[in-house]
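Structural overview
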Amino acid sequence: MTDSPVALITGGGSGIGAAVARQLLDAGHRVTVTGRGEARLRDFADRLGNPDGLLTVTGNTAEYDDVRAAVETTLKAYGRLDTVVANAGFATHDSVAEGDPAGWTEMVLTNVLGPALLIRASIDALKETRGRIVLVGSVAGFVNTPGNIYGATKWAVTGLAENTRRQVTEFGVGVTLIAPGRVETPFWDSYGSLPPGHLLTADQIADSVVWAVRQPDGVDVNTVVVRPIGQPN
């Protein structure tokens, strides 16, 4: 167990992050999950039976001190870091011409600054293990949608992934952008209802994350776009 790989997942208490954590634990990884809600993280750990290989850390992904503390806590507990998954994010589900700007700052900081802070805080440890950075983006980061502020943040994540890859590939660190289409997760809670049509499950997106993480040495999978059948855009 002391030599098993270690992953740190932001926003890991529910949805895609929780599914990734479960699958990596099942694959023999040791996992740290972060989130702002202590109760949600505690409930997640309880549902899994509080396994020895799971560590939960409360913090805000948009605060560098919190992100750095999560990395340091992980290194202290497990002695290494092989993978980081920047999963934390949310949408205000409004538009630039008609929306409420009060929610935009937090969304931009969480969705764009958060992944950048995770990269900065973890890169030294990832250089040592020749590890991998996984950024959870969105189809909305490839397809323009009228007035979509959330989509603009995911376009930024798309750019961040490639810009990061171009810098860290020389260190032996891989970068993968996973861009889901519509997924049935708590993401839609603030929207009020699920979108129409077939939706992917969080576990189906986690399959892609884990597949990328478990690529052999020297293989760098860079961009994976996963839509449900029937989603046209």
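Parameters and conventions
- Residues numbered from 1 in each chain as written.
- Predicted model: local features only at pLDDT ≥ 70, side-chain atom pairs only at ≥ 80, totals over all residues.
- Heavy atoms only, no water.
- UniProt positions renumbered as here; feature names shortened; annotations may be inferred.
- Helix = DSSP H or I, 4+ residues; strand = E, 2+ residues; numbered from the N terminus.
- Buried < 20%, exposed > 50% of the residue type's maximum accessible area, 1.4 Å probe, protein only.
- Polar contact = N/O pair within 3.5 Å; in protein donor to acceptor, adjacent residues only side chain to side chain.
- Contact = heavy atoms within 4.5 Å.
- Phe/Tyr/Trp six-rings, centres within 6.5 Å; stacked < 30°, edge-to-face > 60°.
- Lys NZ or Arg CZ within 6 Å of the ring centre and 35° of its normal.

For the chain, an unreviewed UniProt entry supplies the name Oxidoreductase and the organism Streptomyces brasiliensis. As recorded by UniProt, the Sequence similarities (unreviewed entry) comment attached to the chain reads in full: "Belongs to the short-chain dehydrogenases/reductases (SDR) family."

Points about the environment of Thr176
Looking at where Thr176 falls in the secondary structure, it is placed in strand β6 (residues 174-180). Exposure remark for Thr176: the relative accessible area of 0% places this residue in the buried category. C-alpha separation for the pair Thr176 and Asn144, spaced 32 residues apart in sequence, amounts to 22 Å. Only 2.5 Å separates the side chain of Thr176 from the backbone oxygen of Val221, close enough to count as a polar contact.

Comments concerning the environment of Gly181
By the secondary structure assignment, Gly181 is in the loop between β6 and β7 (183-184). Between the alpha carbons of Gly181 and Thr110 there is a distance of 19 Å; along the sequence they are 71 residues apart. Apart from residues lying up to four places away in sequence, Gly181 is in contact with Val139, Val226, Arg227, Pro228 and Gln231.

With respect to the packing of aromatic side chains
Summed over all chains, the structure comprises 0 aromatic pairs. A cation sits over an aromatic face here: Lys127 above Phe171, 4.0 Å from the ring centre.

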